[in-house]
Amino acid sequence: MSESVDSSLRIGNPADGHYVVDAVRESGGWGEKASNEEIIEAIRLLARTEGIWAETAGGVTLAVTRKLIEQGRLPRDESIVVCVTGNGLKTVEAVADRVGAPIAIKPTLGSFEEKVLGAL
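Quantities reported herein were computed from a predicted structural model and do not represent experimental measurements.

(A) Spatial organisation of the overall build of the protein chain. Summing up its helical and strand segments, the protein chain has four helices and zero strands in all. For the protein chain, the sequential pattern of α-helices and β-strands runs α-α-α-α. Here the protein chain has a C-alpha radius of gyration of 17 Å; the compact-globule value for 120 residues is 14 Å, and the former is much larger. For the protein chain, the C-alpha atoms occupy an extent of roughly 55 × 35 × 25 Å along the three principal directions. Split into buried and exposed, the 120 residues of the protein chain put 24% on the buried side. If you take every contact in the protein chain between residues at least 6 apart in sequence, the share linking residues at least 24 apart comes to 58%. With the model as given, the accessible surface of the protein chain reaches about 8800 Å², and the carbon-plus-sulfur share is 55%. When the 13 positive and 18 negative side-chain charges of the protein chain are each reduced to one mean point, those points stand 4 Å apart.

Structural data, given as structure tokens:
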């Protein structure tokens, strides 16, 4: 099994892990796991559809939500809130080889329009 791209998941025995398990059990909730590919796809989905560059933990949250919807454990036809609290600058290394090279721009609107919008 390969190491998770999410550094927060690589903690072998998280200090509050038992509280999470207790909360899931007591609430009748569900848990799931996400593969590296599912995490990266969720990060890309957030970027593509919402303009949010999430860190890997946010990718895990969305990837697992998608899986639970597909399994019928979460309703497909209701609004669901997915908390994404960290930005992608925290875990650049997780996606560096899976996205295009960054576009360097000057800190001006003109540079943004020329280099970024012009590339679309």
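(B) Expanded view of helix H2 (residues 36–50). Its 15 residues give H2 an end-to-end C-alpha distance of 21 Å, which sits within 8% of 21 Å, the value for a rise of 1.5 Å per residue. Restricting attention to buried positions, one finds in H2 the residues Asn-36, Ile-39, Ile-40, Ala-42, Ile-43, Leu-45 and Leu-46. Elements that come into contact with the buried residues of H2 comprise helix H3 (56–70).

(C) Representation of the nonpolar core in the model. In terms of nonpolar packing, the biggest core is built from nine residues, these being Val-5, Ile-39, Ile-40, Ile-43, Val-60, Val-64, Leu-68, Ala-94 and Val-95. Those elements that provide at least two residues to this core are H2 and H3. Once residues within four sequence positions are removed from consideration, Leu-68 is found in contact with Trp-30, Gly-31, Glu-32, Arg-73 and Leu-74. With six residues, the next largest nonpolar core counts Ala-42, Leu-46, Ala-54 and Ala-63 among its residues.

(D) Structural context of a nonpolar patch on the surface. Taken together, Ile-103, Ile-105, Leu-109, Phe-112 and Leu-117 make up a surface patch of nonpolar side chains, about 460 Å² in accessible area. With respect to the helices, strands and loops of the structure, Leu-109 is situated in helix H4 (residues 109–115). For Leu-109, a relative accessible area of 59% translates into the label exposed.

(E) Layout of H3. Taking 1.5 Å of rise per residue, 15 residues should cover 21 Å, and H3 covers 21 Å from first to last C-alpha, within 8% of that figure. By the burial criterion, the buried members of H3 are Thr-56, Gly-58, Gly-59, Val-60, Leu-62, Ala-63, Val-64, Thr-65, Lys-67 and Leu-68.

(F) Examining the side chain of Glu-55 more closely. Mapped onto the elements, Glu-55 comes out in the loop between H2 and H3. With sequence-adjacent residues up to four places away left out, Glu-55 is seen in contact with Ile-43, Gly-86, Asn-87, Gly-88, Lys-90 and Thr-91.

(G) Structural context of the pattern of salt bridges. Here the structure, examined in full by the defined rule, presents four salt bridges. Here Lys-67 and Glu-38 are joined by a salt bridge, their closest N and O atoms 3.4 Å apart. Within this pair, whereas Lys-67 is found in helix H3, its partner Glu-38 is found in helix H2, the two being separated by 29 residues in sequence. Among the salt bridges present, the one from Glu-55 reaches Lys-90, with a minimum N-O distance of 3.4 Å. With Glu-55 in the loop between H2 and H3 and Lys-90 in the loop between H3 and H4, this pair connects stretches of sequence that are 35 residues apart. Owing to a relative accessible area of 11%, Glu-55 belongs among the buried residues under this scheme. By relative accessible area, which is 54% here, Lys-90 ends up exposed. Residues joined by salt bridges that share partners form a network here, namely Glu-32, Glu-38 and Lys-67.

Conventions adopted
Residues numbered from 1 in each chain as written. Predicted model: local features only at pLDDT ≥ 70, side-chain atom pairs only at ≥ 80, totals over all residues. Heavy atoms only, no water. Helix = DSSP H or I, 4+ residues; strand = E, 2+ residues; numbered from the N terminus. Rg over C-alpha atoms; globule rule 2.2 N^0.38 Å. Buried < 20%, exposed > 50% of the residue type's maximum accessible area, 1.4 Å probe, protein only. Contact = heavy atoms within 4.5 Å. Areas by Shrake-Rupley, 256 points an atom, 1.4 Å probe, with all protein chains shown as cover. Lys, Arg positive; Asp, Glu negative; His and termini not counted. Charge placed at Lys NZ, Arg CZ, Asp CG, Glu CD. Expected span 1.5 Å × (residues − 1). Core = buried A, V, L, I, M, F, W, Y, C linked by side-chain atoms within 4.5 Å. Patch = residues over 30% accessible without salt bridge, like charges linked within 9 Å, V, L, I, M, F, W, Y side chains within 5 Å. Salt bridge = Lys/Arg side-chain N within 4 Å of Asp/Glu carboxyl O.

Interpretation note: all reported values are geometric properties and have no functional meaning in isolation.
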